[in-house]
Amino acid sequence: MHRNDEPIPDPLSSRSYSGKFNLRVGERLHRQLAIKAAEEHLSLNQYVIRKLGDAS
C-alpha cells in the first residue's frame, strides 16, 4: 500500500466499535431463530448474542 501511495488503515484492534451491526437473513432463518429464541424465553437479540458468543 505504501508503494502505491495508498493510505494505511488503522489496525482493527485500535478502532472503536458501537456494538451494533445490521445483518440480513432469509425469511426461513429469521423464523427459525425467532422460534428458538421464544422456546428459550429469550429475545431474538439475546438468543443471537448467545449463539455468536458460543461460536467464538
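Each value, and the rule that gives it
Residues numbered from 1 in each chain as written. Predicted model: local features only at pLDDT ≥ 70, side-chain atom pairs only at ≥ 80, totals over all residues. Heavy atoms only, no water. Helix = DSSP H or I, 4+ residues; strand = E, 2+ residues; numbered from the N terminus. Rg over C-alpha atoms; globule rule 2.2 N^0.38 Å. Buried < 20%, exposed > 50% of the residue type's maximum accessible area, 1.4 Å probe, protein only. Areas by Shrake-Rupley, 256 points an atom, 1.4 Å probe, with all protein chains shown as cover. Lys, Arg positive; Asp, Glu negative; His and termini not counted. Charge placed at Lys NZ, Arg CZ, Asp CG, Glu CD.

S.K.: What's the story with the overall build of the protein in this structure? I'm lost.
M.R.: The number of helices and strands found in the protein is two helices and zero strands. The C-alpha radius of gyration computed for the protein amounts to 18 Å, which surpasses the reference 10 Å derived for 56 residues by more than 25%, pointing to a less compact arrangement than a globule. Looking at the protein as a whole, 5% of its 56 residues qualify as buried. Per element, the accessible surface of the protein, about 5700 Å² overall, is 53% carbon and sulfur. If the 9 positive side-chain charges of the protein are averaged to one point and the 7 negative ones to another, these points end up 7 Å apart.

S.K.: Is there a simple way to think about the environment of S14 in this case?
M.R.: Relative to the helices and strands, S14 resides in the segment before α1 (27–39). Note on S14: relative accessible area 52%, which makes it exposed.

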